[in-house]
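# Fold and contact review
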Amino acid sequence: MNVSATPVHRRSALRAGTGAALAAALAAGCGDRESGGPADRAAKTLTHPAPRKPAASAGAHAPAPAPRRFPGQPVQIDHGPRDRARVALTFHGQGDPAIARTVLAEAERAGARVTVLAVGGWLDEHPEMARRILDGGHDLGNHTQRHIDISSMDEAQAYAEITGCAQRLRRLTGSIGTWFRPSRTQYATPLVQRLAVRAGYPHVLSYDVDSLDFTSPGAAAVTRKVAGEIRNGSVVSMHFGYADTVAALPLLLTELDRRQLRAVTTTELLT
């Protein structure tokens, strides 16, 4: 998928307000972590979750884009070109779909497009999310069927994890998805790389910036971590299902805008 979203600058008032908040977040220590667990913080952020939509069959829409080979790129990719002011925000697709919808909507309001690597079991429970992601202009890919440690599996088990999710993506969208990312690891082993290629994915998508949002460190810590490491061509790992991610995203998007970094799909990053 090659989505070329026109950059939309955040309005001055929003930039001023969130810019001040970003400065506070970057200066804040770990003691600024919000009280309560992820569910409590999510309740503060999500007031009116969007209702679920019925899952559409792949036949009701044109098939989603298929994986593509990028000449000159290795099988395993962890960043894009360093000479262009573009970055890719990538999300592990799992967790509360209401939080996922909020993350997608926030990105879209900022003119950003993201990449979602969906877990097959999550798509089984929330099949409507596949079309929601694609309809927002985002990349959709494969993050294994059960999201368990693929590096510890034998060949047959690992291949089943990759193809299981691929089959669900094809059923829902007409495509196996544009990307594959292994579960429970930043980098795929040589075996998993070979299996991904066999399953139809020319590349395995890694990342060079880990937000660590899955550790629930607080929105300030997530913001500091990403803002401190992101640069031209970065691929950032984030997760659906965590309230800290929802709270940090507006600050991060404002910081990207301030640095004139465009958040694009991974496909566009490499095109």
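Residues numbered from 1 in each chain as written. Predicted model: local features only at pLDDT ≥ 70, side-chain atom pairs only at ≥ 80, totals over all residues. Heavy atoms only, no water.

## Quick word on helix α6 (residues 155-173)
Because each turn of an α-helix spans 3.6 residues, side chains separated by three or four positions end up pointing in the same direction. Taking 1.5 Å per residue, 19 residues should reach 27 Å; α6 reaches 27 Å between its end C-alpha atoms and fits that length. Every buried residue of α6 is accounted for by Ala158, Glu161, Ile162, Thr163, Gly164, Cys165, Ala166, Leu169, Leu172 and Thr173. Between a side-chain oxygen at the N-terminus of α6 and the backbone nitrogen of Ala156 the separation is 3.2 Å; the capping residue is Asp154. Looking one or two residues beyond α6, the residue adopting positive phi is Gly174, at roughly 85°. (Helix = DSSP H or I, 4+ residues; strand = E, 2+ residues; numbered from the N terminus. Expected span 1.5 Å × (residues − 1). Buried < 20%, exposed > 50% of the residue type's maximum accessible area, 1.4 Å probe, protein only. Polar contact = N/O pair within 3.5 Å; in protein donor to acceptor, adjacent residues only side chain to side chain.)

## Examining the pairing of strand β3 (residues 115-118)
Consecutive residues of a regular strand have side chains that alternate between opposite faces of the sheet. Here β3 shows no split at all, with Thr115 and Leu117 on one side and Val116 and Ala118 on the other all buried. Relative to β3, strand β2 (residues 86-93) is paired through 4 bridges, and the arrangement is parallel. Each residue of the ladder has a partner; that of Gly93, found in β3, is Ala118. In this region the chain leaves β2, passes through helix α3 (residues 97-109) and returns to the parallel neighbour β3; the handedness of that crossover is right-handed. Here β3 pairs with strand β4 (residues 139-142) via 4 bridges, running parallel. From the neighbouring strand, Thr115 faces β4, where its bridge partner is Asp139. (Pairing = 2+ DSSP bridges. Right-handed = clockwise from strand over helix to strand, strands pointing away.)

## As for α3
Look at α3: 18 Å from first C-alpha to last across 13 residues, which is about the 18 Å you get at 1.5 Å a residue. Every buried residue belonging to α3 is among Pro97, Ala98, Ile99, Ala100, Arg101, Val103, Leu104, Glu106 and Ala107, and all of these are buried. One side-chain oxygen at the N-terminal end of α3 lies 2.9 Å from the backbone nitrogen of Ala98; it belongs to Asp96. Trailing α3 by a residue or two, Gly111 shows a phi angle of about 75°, which is positive.

None of the figures reported here should be taken as evidence of function without further support.
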